[in-house]
Amino acid sequence: LNDNLILKSAIGVNNFSLMNLDMHSSLVRLLEYKPGTGIPLHTDSFTAFREKYGSDRQIKRYFVAISDWDWGHFLQIHDKVIAHWSVGDAYEIPEGTYHLSVNFGIVPKYTLTITGFVDE
């Protein structure tokens, strides 16, 4: 359960608390979107996460911006298109909600996804 120790320590215990996530069983992924790339519309099943960490608790996922918004970068969660973010802005992607993330601009887009159990 000690995956992603470097990324988790960079995020910090206080930020996991703000997101109401159990830091120890969270999975942090660093994503680079090169110009002209993206992840098409989909929903998350969290199957691999549940297989690794169990399935007995509620799961949350967040998109966290680690580069400022630039032209052509956007995130869509259900019918809301999100742009103009700043480093550190975070958006919850509720389980079962259609979403996508793309970079149709000319500079790379860097984000984190943080998936974890709700800290009860």
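Before reading further, recall that the structure is shown in the block above.
Residues numbered from 1 in each chain as written. Predicted model: local features only at pLDDT ≥ 70, side-chain atom pairs only at ≥ 80, totals over all residues. Heavy atoms only, no water.

A closer look at the pattern of salt bridges
Rule in force here: For salt bridges, the criterion is a side-chain nitrogen of Lys or Arg within 4 Å of an Asp or Glu carboxyl oxygen. Strands are runs of DSSP state E lasting at least two residues, helices are runs of H or I lasting at least four, and both sets are numbered from the N terminus onward. Working definition: with a 1.4 Å probe on protein chains only, accessible area under 20% of the residue-type maximum means buried, over 50% means exposed, and in between means partly exposed.
Summed over all chains, the structure comprises 3 salt bridges. Between E95 and R50 there is a salt bridge, with its nearest N and O atoms 3.0 Å apart. Residue E95 is found in the loop between β6 (90–92) and β7 (99–103), and its partner R50 is found in helix α3 (residues 47–53); the two are separated by 45 residues along the sequence. Relative accessible area serves as the criterion here: at 41%, E95 is assigned to the partly exposed category. The class of R50 is partly exposed, set by a relative accessible area of 25%.

Let's talk about the pairing of strand β3 (residues 59–65)
Filter applied, for reference: Note: two strands are recorded as paired if DSSP finds a minimum of 2 bridges between them.
Most of β3 is tucked away: 7 of the 7 residues are buried. The side-chain alternation of β3 yields two buried faces, one formed by I59, R61, F63 and A65 and the other by K60, Y62 and V64. Examined bridge by bridge, β3 and strand β8 (residues 109–117) share 7 bridges and lie antiparallel to one another. The partner of Y62 across the bridge, within β8, is I114. Pairing of β3 with β6 involves 3 bridges; the strand directions are antiparallel.

Notes on the nonpolar core
This is how it is decided: Here the nonpolar core consists of buried residues drawn from Ala, Val, Leu, Ile, Met, Phe, Trp, Tyr and Cys, with membership extended through side-chain atoms lying within 4.5 Å. Contacts are assigned to residue pairs with any non-hydrogen atoms lying within 4.5 Å of each other.
Formed by I11, F16, M19, L21, M23, V28, Y62, V64, L112 and I114, the largest nonpolar core amounts to 10 residues. If you list the elements that add at least two residues to this core, you get β3 and β8. Residues within four places of Y62 in sequence aside, it is in contact with M19, L21, A90, Y91, E92, L112, T113 and I114. With 8 residues, the next largest nonpolar core counts F63, W69, L75 and I93 among its residues.

The values are spatial; any link to function lies outside them.
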